[in-house]
Amino acid sequence: MDFSAINKQASNSFHRQRNILKKLAQGQEIQCDSCNKPLSLNLNNNDDNKGLISCQAGCTHILLELGG
């Protein structure tokens, strides 16, 4: 089986999410691809080792595992 297409897609997704995180951490406003509402970065969750990037509508939901 050739997994190169799957690996490339996973790599592109990782880099895209990393860039979104960088821009949000710098205070830039990023819009959700689905609903065009602003994405927000929340690092103040109940679990100290988790963060969340999401939009108000809930169509974007990126759970971050922070160092620990």
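Residues numbered from 1 in each chain as written. Predicted model: local features only at pLDDT ≥ 70, side-chain atom pairs only at ≥ 80, totals over all residues. Heavy atoms only, no water.

Asks: When you look at the pattern of salt bridges in this model, what are you seeing that I'm missing?
Replies: Side-chain pairs of opposite charge can arise where the charged atoms are in close proximity. Per the counting criterion, the structure on display carries 1 salt bridge. Here R16 makes a salt bridge to D33, at a shortest N to O gap of 2.1 Å. Pair noted here: R16 is in helix α1 (residues 4-25) and D33 is in the loop between α1 and β1 (39-42), with a separation of 17 residues, a long-range link. D33 gets classed as exposed once you look at its relative accessible area, which sits at 58%. (Salt bridge = Lys/Arg side-chain N within 4 Å of Asp/Glu carboxyl O. Helix = DSSP H or I, 4+ residues; strand = E, 2+ residues; numbered from the N terminus. Buried < 20%, exposed > 50% of the residue type's maximum accessible area, 1.4 Å probe, protein only.)

Asks: Would you mind going over the sheet that holds strand β2 (residues 50-55) with me for this structure?
Replies: Within a sheet, each strand pairs with its neighbour through backbone hydrogen bonds, oriented either parallel or antiparallel. Here we have 3 strands laid out as an open sheet, ordered β1-β2-β3, and antiparallel in their pairing. Two strands close off the open sheet at either side, each with one partner strand: β1 and β3 (61-65). Averaged over all adjacent pairs, the angle separating strand axes in this sheet is 15°, with direction ignored. Strand direction decides the pairing type here: β2 and β3, joined by 5 bridges, are antiparallel. The partner of G51 across the bridge, within β3, is L64. The strands that α1 touches are β1, β2 and β3; relative to β1, the one it contacts most, it runs at about 80°. (Pairing = 2+ DSSP bridges. Axes fitted to C-alpha atoms, helices over the stretch in contact; angles between N-to-C directions. Contact = heavy atoms within 4.5 Å.)

Nothing here speaks to function; it is geometry throughout.
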